[in-house]
Each structure stands twice: as C-alpha cells, then as structure tokens.
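Chain residues, written in single-letter form:
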2 protein chains.
Amino acid sequence: MNNNDKISPAVIRRLPKYYRYLGELTKMGLNKTSSRELSEMTGFSASQIRQDLNNFGGFGQQGFGYDVENLRNEIARILGLDKKYKIIIIGAGNIGQAIANYTGFYEADYEVVALFDKNPKLIGMSMRNALIKDIDELEEFLNVENIDIAVICTPKSVSQQVAEQLVQCGIRAIWNFAPKDLKMPDYVHVENVHLNESLFSLTYYYNQMNKKKSE
Amino acid sequence: MNNNDKISPAVIRRLPKYYRYLGELTKMGLNKTSSRELSEMTGFSASQIRQDLNNFGGFGQQGFGYDVENLRNEIARILGLDKKYKIIIIGAGNIGQAIANYTGFYEADYEVVALFDKNPKLIGMSMRNALIKDIDELEEFLNVENIDIAVICTPKSVSQQVAEQLVQCGIRAIWNFAPKDLKMPDYVHVENVHLNESLFSLTYYYNQMNKKKSE
DNA sequence: AAATGTTTGTTAAAATATAAGCAGGAGGCA
DNA sequence: TGCCTCCTGCTTATATTTTAACAAACATTT
C-alpha cells in the first residue's frame, strides 16, 4: 500500500486466487508457506507471486517465507474483503435468483439486500431474506438505502437503461451478467460476466483439440 | 485458417465480442462495416481488430471494409458456432438450473441434454426438456450418449472428483463454475467461471474509487 | 560461532500484446 | 479518366506482462 502507482489488472485478477489458496492452507492447519509452495498450488510462477505481492509491500520474511494467516489478512485488506457490502440484484430471473441464493461468497461479507423485477409473479417473493421488489421502486429504494454493488441480471435490451438509472442514483460498482458492454462514465466500475463469450471460447478450444486429434 | 500457429488466448476471447456486434449490425440492417466502426462499438483499437481478424485470413477488402454477414459467418466457423453441441450439467442447484434455463445462448446450437444431481428431491424434475438424473447414472449415460461439453456446478468439494469421472468417460471440454482450479490432463480444456474471484476484483476497484474520491 | 541452505525483495531480461504507421488497392465523383 | 478519400493487410514501434537472476536476510545445523 506504500506504492500508489496503478496496479496492473492482471495482478488484481490473481489476488483472489492467492486468497483462496491461503484459505485452503489454513484449513489444512499450515501456518507458514512460500512462493514456491503457492506456485505449485496455483500454477503461477513463484517469481510472479513474489512480484505480485511486493506491489503492496513486503509481507514475507527472507529465508522463512510467508505467514499464512497474516498474508491472507493482508490480501483481504487489499481487496477490501474486511468490510461489509450491500448488494442489490436487478432482474430476478434465472441468473438473478441463482446469485441471490449463491452461498459461494463465504468468507466475505456480502449481503443481498433486495432484488428488483417487473414481473408481477415474482414481486413479493423472497430469496434468502431478500425480497423481490417492483422495479418501479428502485429509485426510491436507492435514495434511502446505502447500496455498494448492483448486479445486472436483466435481458440485454434493458441493461443499458437500468445501468444508467443505477448510476444516477449513486451506484459506482456494477456486476454485469447481461451480454452487453455497458457504456458508463469513468467513475463507475463494471465487472462483466459474459457467459456466452465464455462458452464460445470453450467451444473454440474444444474444436481445436478435436482437429488436432484427427490430424 | 491458413495459419496454423497457436492463436493467442486474448484474441480468442475477443472473437465472441466481434461476433456479437456483427449480429447487432445485421439487426440494424447494415451489410458493410469497417475496423474503425467496430472499434467504436467494441472499444478495441481498429488496428487490433484488423490484426485479430488477419490471424485467420483476410476477410476484408481494401478501401471498402468488411461484409458484415460474411465476416460473421467466418467468425462463427472459426469458433465452431456453425455446429451443434450437446451439453450436460452436473449439479442441479442454483447455478446449474440457471444455466439449464438460460436462453442467452441464442444464435448458437447448444442443447442441454440432461442434468445430474444426488439430491432425491431434484431427481426426476425437468428443466426445459432436460431431465435431472441421478448422479449414479452418469457413467452409464455417457457410455451411450455422445456429449460434447460438461458443465460443473457442484460444490467445490466434489468438483475435482466429478471432473475426473467425466474425463474418464471421454469428456474433453469442461465449463467449470465451482470455485476450484481443476487439475486436468492437457487434452482436456477447462473454461472457468469463478464468480467469487470476479466479485472480489470488482470489490477492489470499488474501494479504489472510493479512496480516490476521498483524497 | 561458522557454515550451509532457504527464501524473499528487487532489478534486469525476455516474451507477449497492443498500438501506430504506411504502401497499395478500391470506390466515388467531377 | 484522373483525382481524392477510405480502408485493409502488413510491418514496425511501444507498452505491458512474465520470467529469470541474484544479493541480502534469516534459519538451521554442526
């Protein structure tokens, strides 16, 4: 944290993985590790791991390695996992419901506060303590509640409009599951999960392998 | 396709995006485009787009541009979207069901043939023509049916074991939603969708913005 | 206490990915 | 036709990312 230069996105994408493996080490009862060991677990080179971590400060000890719990806490702090976040989900269809019910965000404090949809059949239902509300109540809701992250799970046709509405109400972090690239101002961060693009890539490599096999 | 060198993964990840935007151009009734126009739409540089496409052959015409439909078909062929794929989903929980019901794979021919789970309450239910079967029937099923892609939506604790079973039965393409890095032989391609890592990255950037704002 | 083996933090080099630049072909239009 | 503009395909330059290398710090053993 002593270094305020912009950290490469590639580094940021690797941090959650380190965090996860450090959690596994903890579960295994180990309290000391090394870049070499982490390299074997993650598949990243030991050199890269050391360099990644040193972007934020020297957490290790020469000749010894890293203290598992300490390093994990440091990464949590860097990512911000030591804080609580309130989430809303726009679009309570398949994906929206799956996210609301997803238990995989363990070890971090994300709370789904509400879902929004325009389908009257869904409005009023609740998912894990979170109520599905009418999309028309969105603005009013955001004016009262303090929400950190909004998840867009709407059809792509309305995703841009929904995103703009969110931003207007103060949202600055969007997790986007609609197959669409949202045009947003610089001060909004959008993290995309484009499932179709992911599947299309997989399809490409699947065919490449088959091609190779038949050569 | 004249070039058999390995194409960079970065290029492959961009192709689905080109494909999507070409589809939008078609919908808008345009039959001609250019790298400059695609650049404005996608946010990638025109130069990069031209270079990406030229990995696979010259689809454009100097002084004119690209024929939208032709280029779209070429990309579809490169990715393999001109073929049909049979999919099974292992784990019929939140995510598994969401994928089964997901209609966003339009314009490509993916068919979810079956889901597998061990929960007796789920077994026998059907999602969009696909039946949820007992996980114990998986091997037998794979010996009879010809499946292209398996989607892992199980808890992470069993994901590795399930993956190994799939590979043993001939599966070579895995779309993995479990928060775990599967150890697989080289001839298996795994495409990961690590939702927690994605959310953690978003969290980092969210905090960075707040930090900047308060400085 | 000295010698030896580890492992970090950091710097330098290599590899990869992205952007810029430009020659030449194609279309449009006077 | 001849001139002008546009746009690709390719080559060269820049930027980014990854890997390699190594001195200094610490732990362990003798």
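Residues numbered from 1 in each chain as written. Chains lettered and ligands numbered in written order. Predicted model: local features only at pLDDT ≥ 70, side-chain atom pairs only at ≥ 80, totals over all residues. Heavy atoms only, no water.

### A look at the sheet that holds strand β7 (residues 149-152) of chain B
Thinking step 1. Pairing within the open sheet is mixed, and its seven strands lie in the order β5-β6-β4-β3-β7-β8-β9 (chain B). The sheet is open, and its two borders are formed by β5 (126-127) and β9 (189-192) of chain B, each paired with just one other strand.
Thinking step 2. Pairing geometry for strand β4 (residues 109-117) of chain B and strand β6 (residues 130-134) of chain B, over four bridges, is parallel. Across the sheet, phenylalanine 116 of chain B pairs through a bridge with lysine 133 of chain B, a residue of β6 of chain B.
Thinking step 3. Relative to the sheet, helix α8 (residues 195-213) of chain A contacts β3 (84-90), β4, β7, β8 (173-176) and β9 of chain B, its axis offset from that of β8 of chain B by approximately 160°. (Pairing = 2+ DSSP bridges. Helix = DSSP H or I, 4+ residues; strand = E, 2+ residues; numbered from the N terminus. Contact = heavy atoms within 4.5 Å. Axes fitted to C-alpha atoms, helices over the stretch in contact; angles between N-to-C directions.)

### Here's the deal with the side chain of histidine 189 of chain B
Thinking step 1. Tracing the backbone through its elements, the reader meets histidine 189 of chain B in strand β9.
Thinking step 2. Look past the residues within four positions of histidine 189 of chain B in its chain and what remains in contact with it is Leu202, Tyr205 and Met209 of chain A together with Arg172, Ala173 and Ile174 of chain B.

### Observations regarding the UniProt feature "binding site: NAD(+)" (unreviewed entry) in chain A
Residues and elements named next belong to chain A.
Thinking step 1. With numbering aligned to this structure, UniProt lists the feature "binding site: NAD(+)" (unreviewed entry) at Gly91, Ala92, Gly93, Asn94, Ile95 and Gly96.
Thinking step 2. Once you skip the residues sitting within four places of it in the chain, alanine 92 turns out to touch Gln97, Leu115, Phe116, Asp117, Leu122 and Ile132.
Thinking step 3. A residue is classified by how much of its surface remains accessible, and glycine 96, at 0% relative accessible area, is buried.
Thinking step 4. Ignoring anything within four residues of it in the chain, the contact list for glycine 96 reads Ile89, Gly91, Leu115 and Cys153. (UniProt positions renumbered as here; feature names shortened; annotations may be inferred. Buried < 20%, exposed > 50% of the residue type's maximum accessible area, 1.4 Å probe, protein only.)

### As for the protein's contact with DNA strand D
Thinking step 1. With respect to spatial proximity, 27 residues lie near DNA strand D, and among them Ser47 and Gln62 of chain A together with Ser35, Asn54 and Gln62 of chain B are the closest.
Thinking step 2. What you see for DNA strand D is that sugar and phosphate hold 62% of its atoms within 4 Å of the protein.
Thinking step 3. Between DNA strand D and arginine 50 of chain A, the relevant distance is 3.4 Å, taken from a base nitrogen to a side-chain nitrogen or oxygen of the residue.
Thinking step 4. Here a phosphate oxygen of DNA strand D and a side-chain polar atom of serine 35 of chain B are 2.6 Å apart.
Thinking step 5. At the level of secondary structure, the elements contributing two or more residues to the surface near DNA strand D comprise α1 (9-27) and α3 (46-54) of chain A together with α2 (35-42) and α3 (46-54) of chain B.
Thinking step 6. Top contributing element to the surface near DNA strand D by residue count: α3 of chain A, with four residues.
Thinking step 7. The residue inventory of the surface near DNA strand D, partitioned by class, reads five nonpolar, 18 polar and four charged. (Near = heavy atom within 4 Å. Polar contact = N/O pair within 3.5 Å; in protein donor to acceptor, adjacent residues only side chain to side chain. Nonpolar A, V, L, I, M, F, W, Y, C, P; charged D, E, K, R; others polar.)

### Topic: the protein's contact with DNA strand C
Thinking step 1. Taken together, 25 residues are adjacent to DNA strand C, and Ser35, Asn54 and Gln62 of chain A together with Gln62 and Gly63 of chain B come closest.
Thinking step 2. A breakdown of the atoms of DNA strand C within 4 Å of the protein gives sugar and phosphate a share of 58%.
Thinking step 3. Within the backbone of glycine 60 of chain A, one N or O atom sits 2.9 Å away from a phosphate oxygen of DNA strand C.
Thinking step 4. Contact distances for DNA strand C include 3.1 Å between a sugar or linking oxygen and a side-chain N or O atom of glutamine 48 of chain B.
Thinking step 5. Of all the elements in the fold, those that place two or more residues in the surface near DNA strand C are α2 (35-42) and α3 of chain A together with α1 (9-27) and α3 of chain B.
Thinking step 6. For the surface near DNA strand C, the element with the highest residue contribution is α3 of chain B, accounting for four residues.

### A few points about the packing of helix α5 (residues 94-101) of chain A against helix α5 (residues 94-101) of chain B
Thinking step 1. For the pair α5 of chain A and α5 of chain B, interaxial distance at closest approach is 9 Å and the crossing angle is 175°. Considered as vectors, α5 of chain A and α5 of chain B are oriented roughly antiparallel to each other. Judged by residue contacts, Asn94, Ile95, Ala98 and Asn101 of chain A of α5 of chain A engage Asn94, Ile95, Ala98 and Asn101 of chain B from α5 of chain B.
Thinking step 2. Classifying every residue of the contact of α5 of chain A with α5 of chain B gives four nonpolar, four polar and no charged. (Parallel < 35°, antiparallel > 145°, perpendicular 65-115°, else oblique.)

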